[in-house]
Amino acid sequence: MTPKSYLDEETTVWSWLATTDHKRIGVMFFVLTSIALLIGGIFALLLRLEHLTPNYTIMSANAYNQAFTLHGVIMVWFFLIPSIPAAFGNFFVPILLGAQDVAFPRLNLATVYIYIAGAIAIAIGVAMGGTDTGWTFYPPYSSQTFSQLLPILIGVFILGFSTIFTGLNLIVTIHTLRAKGMRFMQMPLFVWTMYGVSVIQVVATPVLGMVLLLTTLDHGLNWGFFDPARGGDVVLFQHFFWFYSHPAVYIMILPAMGVVSEVIPTFAHKNPLSYKAIAFSTFGIAFVGFLTWGHHMFVSGMSVFDAGVFGVLSMFVAIFSAIKVFTWVGTLYKGSVDLRTPLVYIAAFLFLFVFGGMTGVAVATTSLDVHWTDTYFVVAHFHFIMVGASLTAWLAAIHYWWPKMTGRMYSEPWGIAAAVLVFLGFFATFFPQFLLGNGGMPRRYYYYPEKFTTLHVMSTAGSWVLGLGLVIALLYLAWSLFYGPRAPANPWGGRTLEWRIPSPPSRHNFATTPEVIQPPYDYSHPLEGDIHV
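Quick notes on the rules
Residues numbered from 1 in each chain as written. Predicted model: local features only at pLDDT ≥ 70, side-chain atom pairs only at ≥ 80, totals over all residues. Heavy atoms only, no water. Helix = DSSP H or I, 4+ residues; strand = E, 2+ residues; numbered from the N terminus. Rg over C-alpha atoms; globule rule 2.2 N^0.38 Å. Buried < 20%, exposed > 50% of the residue type's maximum accessible area, 1.4 Å probe, protein only. Contact = heavy atoms within 4.5 Å. UniProt positions renumbered as here; feature names shortened; annotations may be inferred. Expected span 1.5 Å × (residues − 1). pLDDT = per-residue confidence, 0-100. Salt bridge = Lys/Arg side-chain N within 4 Å of Asp/Glu carboxyl O. Axes fitted to C-alpha atoms, helices over the stretch in contact; angles between N-to-C directions. Parallel < 35°, antiparallel > 145°, perpendicular 65-115°, else oblique. Left-handed = near helix turned anticlockwise from the far one by under 90°. Nonpolar A, V, L, I, M, F, W, Y, C, P; charged D, E, K, R; others polar. Core = buried A, V, L, I, M, F, W, Y, C linked by side-chain atoms within 4.5 Å.

This brings us to the overall build of the protein chain. If you tally the helices and strands in the protein chain, you get 16 helices and two strands. For the protein chain, whose C-alpha radius of gyration is 23 Å, the value lies close to the compact-globule estimate of 24 Å for 533 residues. Based on the C-alpha atoms only, the size of the protein chain along its principal axes is roughly 70 × 50 × 45 Å. Of all 533 residues assigned to the protein chain, the portion counted as buried reaches 58%. Here the contacts in the protein chain between residues at least 6 apart in sequence split such that 82% fall between residues at least 24 apart.

A separate point is the UniProt feature "domain: Cytochrome oxidase subunit I profile" (unreviewed entry) in the protein chain. In the UniProt entry, the feature "domain: Cytochrome oxidase subunit I profile" (unreviewed entry) is given for residues 10–517. Secondary structure across residues 10–517 divides into 70% helix and 0% strand, with the first and last C-alpha atoms of the span separated by 34 Å.

Moving on, we come to helix 5 (residues 105–127). For an α-helix, the turn length of 3.6 residues means that residues three or four places apart are oriented alike. The end-to-end C-alpha distance of helix 5, which contains 23 residues, comes to 34 Å, matching closely the 33 Å that a straight helix rising 1.5 Å per residue would cover. All of the buried residues along helix 5 are Asn108, Leu109, Thr111, Val112, Ile114, Tyr115, Gly118, Ala121, Ile122 and Gly125. Buried residues in helix 5 make contact with helix 1 (13–17), helix 2 (22–50), helix 3 (61–80), helix 4 (83–97) and helix 7 (150–176).

Counting all residues, the mean pLDDT for the protein chain is 92, and 98% of those residues have values of 70 or more. A low-confidence stretch, residues 529–533 stays under pLDDT 50, and its non-local contacts, those more than four residues away or across chains, total 17 contacts.

Tallying each qualifying case throughout the model produces six salt bridges. In this structure, the salt-bridge partner of Arg507 is Asp21, at a minimum N-O distance of 3.8 Å. Pair noted here: Arg507 is in the loop between helix 16 (453–483) and strand 1 (515–516) and Asp21 is in the loop between helix 1 and helix 2, with a separation of 486 residues, a long-range link. By relative accessible area, Asp21 is classed as buried at 1%. Among the salt bridges present, the one from Asp101 reaches Arg507, with a minimum N-O distance of 3.8 Å.

Below, the discussion takes up the packing of helix 14 (residues 376–406) against helix 15 (residues 412–438). The geometry of helix 14 relative to helix 15 is characterised by a closest axis approach of 7 Å and an angle of 165 degrees between their N-to-C directions. In terms of orientation, helix 14 and helix 15 fall into the roughly antiparallel class. Helix 15 is crossed by helix 14, and the crossing has left-handed handedness. Listed contacts from helix 15 to Tyr376, Phe377, Val379, Ala380, His381, His383, Phe384, Val387, Gly388 and Leu395 of helix 14 are Val422, Phe426, Phe427, Phe430, Phe431, Gln433, Phe434, Leu436, Gly437 and Asn438. Here the residues of the contact of helix 14 with helix 15 sort into 14 nonpolar, six polar and no charged.

Bringing the nonpolar core into the picture now. Residues Trp77, Phe88, Phe137, Phe349, Trp394 and Trp401 are the most contacted members of the largest nonpolar core, which totals 159 residues. With 22 residues, the top contributor of residues to this core is helix 14. With near-sequence residues (within four places) excluded, Phe137 lies in contact with Val73, Trp77, Ser142, Leu149, Ile152, Leu153, Val156, Leu212, Thr215 and Phe237.

The structure is reproduced here in structure tokens:
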């Protein structure tokens, strides 16, 4: 008798709220982070709409300041950081390892409610009037503002525990629950990136928690840690903040790289050009990422020697990233490429990541960074990397694993159409912002000179195209949940373990404990018979 799927085994609301099944927890995180994307995206569209004209368009200057603060807080902390690790990491890492669940299922459930508690604190802050500090909470303004900053700080502080516990759970799971025969160098590449990300989450996030706590004491109790007027050191805040927040960029992009590393071999029907190069470069990025926070502070007061060291170390990240890109492209070369929706999103990822990465090399150069600091050039750079690359990889992950998670197929023509719109819309939104920044347009300014109007209008029009692409994707995926054709166990011909079990999987994933006797991407052998499940 075929066991029921994880979706059908229990159908009550309580069975979801109290579940310890890693797949259901992954689905809950997927829904929560998607809602965060929706809210953060609406704020983004409103901000772009305001900049259709150089003066007042739809909101006041104060509302504009609050809108870009909430856009940043929601997108960074509630979508970009947890979107892939907490959703797809929770759902697929145990399956890719051949395990029945994560190492600490109850702790895993707790991370969901900690995330919700953080979101409730943010919602209370918004209901009380919101804040206007920007998502970086820079002092001394954050110490002195009369806006409702405390609930926002507390919300992000609470959310950090969800991030730490997720990382800790995945590290222990990877070390202790691998299937029989699966050595570290036989783990799928997505698992490698989740391991690297989890290390960053566990090591760096407590530093963010500390700096948020000190900022809370500064703002709420007038302690003055970071306020120069009270003997504090404002640059010390920046050191602490960026020690976490620069590695946080890799919390966002490394999982995206893991998705790319899974999708390309599957749709190229070819072994990765170099499994070890992709796996080891992951840890190169994770390690060097801890040493590069200073390049955010070139204009904050830094010696020429220190600036040079931080600049050179930042460029090492580009070397490790280039190793990945060349390996992915080499995998596609002479492969039997099947251009499906996930691979279209990966093509968009490669363009945006390489384009944004090259501008990252530029801003790691002190002389150029001084010119572009706090301009729209920086906004465009980090949106290409943090949002464009992460978002397209997240969409690739959805379309790649949707049949496995839901048991339903979606419309390929609509999928490819939406992917093209998302890419074109994103490029049209943020490429003009490179030109704006290079022309001297500061970021976070409500008013702007009329000479920048054309580029702002182009950027706003691009945001509508991007939004249209995402709405189309939402509609056909929702349709597929109810009317899409049933998905087979392995619709793409993949080799990793998730494609050896039914779609959707059962509560305990595998009918019998798997034994792994082959590498994860061995396309040189027939699909059947190379692994025991």
